[in-house]
Amino acid sequence: SQGLTSDSDDNDKFEWESDGEAAPSSAPTLRNLDAPGPSTLVRQNSNGWANGEATSTSLVEEYVTMGFPKDMVVKGIKEIGHNDVNALLELLLTYKALGDEGALGDCSTSGCACPNVQDDDDDDLDSDNWDNDNDTGGREHNSDSSGDEDFLKEMSAKDEKINLLVDMGFSEDEANMAMTTCGVDADLCVLVDSISASRVAGDCHSRNLFDDQVMDRCFDSFGEREKARLMEERKKKRKRYGGGSHGNRSSLDGSDDEQMHLPNPMVGFNLPGYRRPSVMRMLPQQAIGPPFFYYENVARTPRGVWETISRFLYDIEPEFVDSMHLSAAARKRGYIHNLPIENRSPLLPLPPKTIFEAFPHYKKWWPSWDPRRQLNCLQTTVASAKTTERIQCLLARSSNPPPPSVQKYVIDECRKWNLVWVGKNKVAPLEPNEVEYLLGFPRDHTRGVGKTERYKSLGNSFHVDTVAYHLSVLRDMFPNGVSVLSLFTGIGGGEVALHRLGIHMRAVVSVEIGEANRRILRGWWDQTQTGTLIEVADVKSLTPDIIASYVGRFGGFDLVIGGSPCNNLAGSNRHHRDGLEGEQSSLFYHYFRILDVVKSAMARM
Ligand code: SAH
């Protein structure tokens, strides 16, 4: 389950992963708003982690770069704050429309929708400002600047603290609440104390409590006995897990709340062509198959999520891999599985690792000042025409090469939206078939459903080559093919991986709620496979009896594979990033539940 948006909710707009920049230099803003405006609250440094450097001053500058006068931006922020990027932009555009019509210049005559920056008498809109970008002093001589500066300073300090708190794993709401309670000037440790205190006071963020709530929700339909059994098992696991096998855990609020260490480089236990001492691992006894299982989710989650997932999945250590080591696009994922890790082999030929290897024709229009050679994580949504038009318009009005401020703005946008150069000054999102190619799917795999749907399903899917590398060990073990229980199948990344490995699928029971996805899988299956495909819509409908009947019918499953939705986990989804207890992400527990039933049923065989 990848960029893991879910199905059809509007939250998609926010589904941006903070997933890896392929190139380290500039810092993309992180909100997944295809709004024509910058955001500041969360930025990434070169390691991809948010840092505290995003100041309101830079927010103002970003809007100034877009052509809004500084006074106007400050006024707007004073009026409605800066948290709602869309609202702020709308307000600025309204100001413009109301009072500034003449000052806009002749944008319309040049066919541009973006705020004009050159044809204007106003100092703040003067084209000279573009060249002054690195010289912040150049723009700081407003008439009543002193009041504004104080205001900005205070806001910056607040932003910075909120960023730090969010970095530490608290939610933005908690951070804001603490700021309100303790004041903007409060020390960081005071703020942390305040949050911890409110958590301990019975707030639902207490992990143990939420585990129970989620379990309740998940197991309601399966009767008290099954629930009691699983709860008991979980208690044991929690005990075992707390026993120190994973090192120290800090406990601000009494729960085990330490971020799982993400390796750098993120190459998992091993990767083709990546030389490093091979990892040895011993699986806990109850983790050993049959069946083999393979669970996937985004690498970056709120704190504690991977710990919880690991705890449920027999304490197996996740294998974190950034597919950028095996492809031209980044994709940071964690995998928990009980497969052997020796003697893996990659799909051949190895996929292209740079943009130009993948798409040589883009070289022609790639400007020398765009340093990207790899793409960021392929997302579930793409930039709007507004975004690409704005870039084209800005570049058309700039010198060649454009001034640093324009370069930075354009490259940030390109990174954020994975834009490629398709013409003079012209950027565009990748086409769905290009995304299919980068992710290792056959051409036109998702064709036949709407374009938006295609991007969404592709954005959520496995990177086939990465998964195939992990699954490659099955080839020699199952010369007669495998029977697979495929949960959250999506467009069948796992199935395509097995097929490309030359592993015959005797039977696949696929569980996928999206109708379009089921159609895509069925279409591909009928064209390429001879085995049996059974399609089920909802993991919640798989009762123990139904699972047991499939186990009987297919003589057990050789592989239980799936990645549950991550909408409430993905890094950029700050607003709905509530961790595993989120509506969608809690589906993880069904993965565990179903696997557990399969294991018991197979043990009885
Ligand atoms: N690994 C898949 C994608 C997983 S994304 C691939 O390679 O394409 C998670 C998937 O879970 C999405 O396709 C989503 O539609 C599906 N899903 C969400 N809720 C579900 C539910 N209740 N039952 C089954 N599938 C569900």
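Please read all numbers here as calculations on a predicted model, not as lab measurements. (Residues numbered from 1 in each chain as written. Predicted model: local features only at pLDDT ≥ 70, side-chain atom pairs only at ≥ 80, totals over all residues. Heavy atoms only, no water.)

1. Notes on the overall build of the protein chain
Assigned secondary structure in the protein chain consists of 21 helices and nine strands. Considering only intrachain contacts with a sequence separation of at least 6, the fraction spanning at least 24 residues in the protein chain is 71%. Accessible surface computed for the protein chain: about 24700 Å², of which carbon and sulfur atoms make up 51%. (Helix = DSSP H or I, 4+ residues; strand = E, 2+ residues; numbered from the N terminus. Contact = heavy atoms within 4.5 Å. Areas by Shrake-Rupley, 256 points an atom, 1.4 Å probe, with all protein chains shown as cover.)

2. Things to note about the sheet that holds strand E8 (residues 532–536)
Overall, mixed pairing links the seven strands, which are arranged E2-E3-E1-E9-E6-E7-E8 in an open sheet. Lying at the two open borders of the sheet, with one neighbouring strand each, are strand E2 (319–322) and E8. Pairwise comparison of adjacent strand axes, ignoring direction, gives a mean angle of 20° for this sheet. The pairing of E2 with strand E3 (residues 332–337) spans four bridges and is antiparallel. Paired with Phe-320 across the strands is Gly-334, a residue of E3. Contacting strand E1 (292–298), E2 and E3, helix H10 (residues 305–312) runs over the sheet at an angle of about 20° to E3. (Pairing = 2+ DSSP bridges. Axes fitted to C-alpha atoms, helices over the stretch in contact; angles between N-to-C directions.)

3. Quick look at helix H12 (residues 385–397)
Over its 13 residues, H12 runs 18 Å from end to end, which matches the ideal 18 Å to within 8%, given 1.5 Å per residue. Those residues of H12 that sit buried are Thr-387, Thr-388, Arg-390, Ile-391, Cys-393, Leu-394, Leu-395 and Arg-397. (Expected span 1.5 Å × (residues − 1). Buried < 20%, exposed > 50% of the residue type's maximum accessible area, 1.4 Å probe, protein only.)

4. Let's talk about the packing of aromatic side chains
Going through the model one piece at a time under the given rule, you end up with 18 aromatic pairs. Pairing Phe-292 with Phe-478 gives two aromatic rings, centres 6.3 Å apart and planes at 90°, and the pair type is edge-to-face. In this pair, Phe-292 sits in strand E1 while Phe-478 sits in the loop between helix H17 (474–477) and strand E6 (482–487), placing the two residues 186 residues apart along the sequence. Ring centres of Phe-312 and Phe-588 lie 6.0 Å apart, and the angle between their planes is 80°; this geometry places the pair in the edge-to-face category. With Phe-312 in helix H10 and Phe-588 in helix H21 (residues 588–603), this residue pair connects regions lying 276 residues apart in the sequence. (Phe/Tyr/Trp six-rings, centres within 6.5 Å; stacked < 30°, edge-to-face > 60°.)

5. Concerning the side chain of His-325
With respect to the element layout, His-325 can be found in the loop between E2 and E3. The exposure class assigned to His-325 is buried, which follows from its relative accessible area of 18%. Apart from the residues lying within four places of it in its own chain, the contact partners of His-325 are Pro-265, Met-266, Val-267, Leu-271, Tyr-274 and Lys-353.

6. Some remarks on the nonpolar core
Ranked by size, the top nonpolar core spans 84 residues in total, and within it Tyr-63, Val-410, Leu-430, Leu-471, Leu-474, Leu-498 and Leu-559 carry the most contacts. In this structure, Leu-262, Leu-487, Val-511 and Leu-542 belong to the second largest nonpolar core, which totals 43 residues. (Core = buried A, V, L, I, M, F, W, Y, C linked by side-chain atoms within 4.5 Å.)

7. Observations concerning empty space enclosed by the protein
In the structure shown here, the tally under the stated rule is nine cavities of 30 Å³ or more. Approximately 140 Å³ is the volume found for the largest cavity. Lining of the largest cavity is provided by 14 residues; of these, Gln-379, Thr-381, Val-382, Trp-417 and Asn-418 occupy positions nearest its centre. The greatest single-element share of the lining of the largest cavity, amounting to three residues, is contributed by helix H13 (residues 404–417). Of the residues that constitute the lining of the largest cavity, the class distribution is eight nonpolar, four polar and two charged. (1 Å grid on protein atoms, 1.4 Å probe; cavity = no way out; pocket = protein on both sides within 12 Å on 5 of 7 lines; lining within 4 Å. Points joined across faces, edges and corners; volume = space filled by probe spheres on them. Nonpolar A, V, L, I, M, F, W, Y, C, P; charged D, E, K, R; others polar.)

8. Considering the UniProt feature "active site" (unreviewed entry) in the protein chain
The feature "active site" (unreviewed entry), as annotated in UniProt, sits at Cys-566 in this numbering. Mapped onto the elements, Cys-566 comes out in the loop between strand E9 (559–562) and H21. (UniProt positions renumbered as here; feature names shortened; annotations may be inferred.)

9. So, the environment of Thr-181
Within the fold, Thr-181 resides in helix H6 (residues 172–182). Assessed through its relative accessible area of 56%, Thr-181 is described here as exposed. C-alpha of Thr-181 to C-alpha of Leu-191: the two residues are 10 residues apart in sequence and 8.6 Å apart in space.

10. A closer look at the packing of helix H14 (residues 432–439) against helix H15 (residues 451–459)
Two elements in contact, H14 and H15, have axes whose closest approach is 10 Å; the angle formed by their N-to-C orientations is 15°. Between H14 and H15, the interaxial angle falls into the category roughly parallel. The handedness of the crossing between H14 and H15 comes out as left-handed. In this structure, H14 contributes Pro-432, Asn-433, Val-435, Glu-436 and Leu-439 to the contact, and H15 contributes Lys-451, Arg-454, Tyr-455 and Leu-458. (Parallel < 35°, antiparallel > 145°, perpendicular 65-115°, else oblique. Left-handed = near helix turned anticlockwise from the far one by under 90°.)

11. Side note on the pattern of salt bridges
Inspection of the entire model under this criterion finds 14 salt bridges. We note a salt bridge from Arg-522 to Asp-526, for which the minimum N-O separation is 3.8 Å. Of the two residues, Arg-522 and Asp-526 both sit in helix H19 (residues 515–528), four residues apart, roughly one turn of that helix. (Salt bridge = Lys/Arg side-chain N within 4 Å of Asp/Glu carboxyl O.)

12. Points about the pairing of strand E4 (residues 419–423)
Counted residue by residue, E4 has four buried out of five residues, so it is predominantly covered. As defined by bridge partners, E4 adjoins strand E5 (residues 426–429) across four bridges and the pair is classed as antiparallel. When the sheet's bridge partners are listed, Leu-419 is paired in E5 with Pro-429. Linking E4 back to E5 in an antiparallel pair, the connection comprises two residues, with Asn-425 at a positive phi of about 55°.

13. Things to note about the pairing of E9
Because side chains alternate across E9, one face comprises the buried residues Leu-559 and Ile-561, and the other comprises Val-560 and Gly-562, equally buried. As defined by bridge partners, E6 adjoins E9 across four bridges and the pair is classed as parallel. Within the sheet, the bridge partner assigned to Ser-486 lies in E9 and is Ile-561.

14. Let's talk about the packing of H10 against H21
Running from N to C, H10 and H21 point in directions that differ by 10°, and their axes come no closer than 10 Å. Classified by the angle between their axes, H10 and H21 sit roughly parallel to one another. At the point where H10 passes H21, the crossing takes the right-handed sense. Listed contacts from H21 to Thr-308, Ile-309 and Phe-312 of H10 are Phe-588, Tyr-589 and Phe-592. For the contact of H10 with H21, a count of residues per class yields five nonpolar, one polar and no charged.

15. With respect to unusual backbone geometry
Backbone geometry follows two general trends: most residues other than glycine have a negative phi, and most peptide bonds adopt the trans configuration. The residue after Leu-348, namely Pro-349, is reached through a cis peptide bond having omega -5°. Along the chain, the position of Pro-349 falls in the loop between E3 and helix H11 (355–358). Along the chain, Asn-400 connects to Pro-401 via a cis peptide bond; the corresponding omega equals -5°. Within the secondary structure, Pro-401 is located in the loop between H12 and H13. At Asn-343, a position not held by glycine, the phi torsion is positive, near 60°. For Asn-343, the position within the fold is in the loop between E3 and H11. What makes Asn-343 exposed here is its relative accessible area of 73%. Here Asn-418, not a glycine, exhibits a phi torsion of approximately 55°, which is positive. With respect to the helices and strands, Asn-418 occurs in the loop between H13 and E4.

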